[in-house]
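Listed here are the chains, written in short residue letters.
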Amino acid sequence: MKKKWIMLIAVSMLAVLLAACGKDSKDSADDQKDGTTLEDLESYLLDEGVLSGEKAEADAELMRAEDGVKYADSNVEIYEYDINSDTYNSLAEGASVGFDNAGPFSSKAVNGKYVLIATGEVSQELVDAFKNFNR
């Protein structure tokens, strides 16, 4: 009888451990895919009237980002990062980063997977709207 109880407890503990491991991987996937796109963020900032000028593609690969755009008239570049990347983590912590052909640069603001880089004077309204974008 003792062996049955020990076996039941061992199996129960194993089931709990496996369930916990499965939940962690699901949470990580949810963190990376929050349902918004860079275009959603752009539309929001344009609708708020804080982003202006012509949109140009930014060199996301150079910045080690997944995607990016720049608005020269607004003095900003906006990048979408993998939140698990070293570059993202450095920028989110407020550090300056640089690469062979770019930098050093630092973030003006971070909102989820999006990073706002200032290339000149940036209005506080733009920074506030960027931070208030609901992911």
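Residues numbered from 1 in each chain as written. Predicted model: local features only at pLDDT ≥ 70, side-chain atom pairs only at ≥ 80, totals over all residues. Heavy atoms only, no water.

The next subject is the pairing of strand β3 (residues 76–80). For β3, the tally of buried residues reaches 5 of 5 residues, placing the bulk of the element in the interior. Here β3 shows two buried faces, one formed by Val76, Ile78 and Glu80 and the other by Glu77 and Tyr79. Where strand β2 (residues 67–71) lies against β3, 5 bridges are found, and the strand directions are antiparallel. Across the sheet, residue glycine 68 finds its bridge partner in β3, namely tyrosine 79. If you look at the hairpin formed by β2 and β3, you'll find 4 residues sitting between the two strands, and asparagine 75 has a positive phi there, around 60°. Sheet topology places β3 next to strand β7 (residues 114–118); 5 bridges connect them, and they run antiparallel. (Buried < 20%, exposed > 50% of the residue type's maximum accessible area, 1.4 Å probe, protein only. Helix = DSSP H or I, 4+ residues; strand = E, 2+ residues; numbered from the N terminus. Pairing = 2+ DSSP bridges.)

Attention now goes to the packing of aromatic side chains. This structure, assessed with the given rule, holds 4 aromatic pairs. Each ring, one from tyrosine 44 and one from phenylalanine 133, has its centre 5.4 Å from the other, and the planes form 50°; the classification is tilted. Taken together, the positions of tyrosine 44 in helix α2 (residues 38–47) and phenylalanine 133 in the segment after α4 (124–132) put the pair 89 residues apart, joining distant regions of the chain. On the basis of relative accessible area, tyrosine 44 is assigned to the partly exposed category, the value being 24%. Judged by its relative accessible area of 8%, phenylalanine 133 falls in the buried class. (Phe/Tyr/Trp six-rings, centres within 6.5 Å; stacked < 30°, edge-to-face > 60°.)

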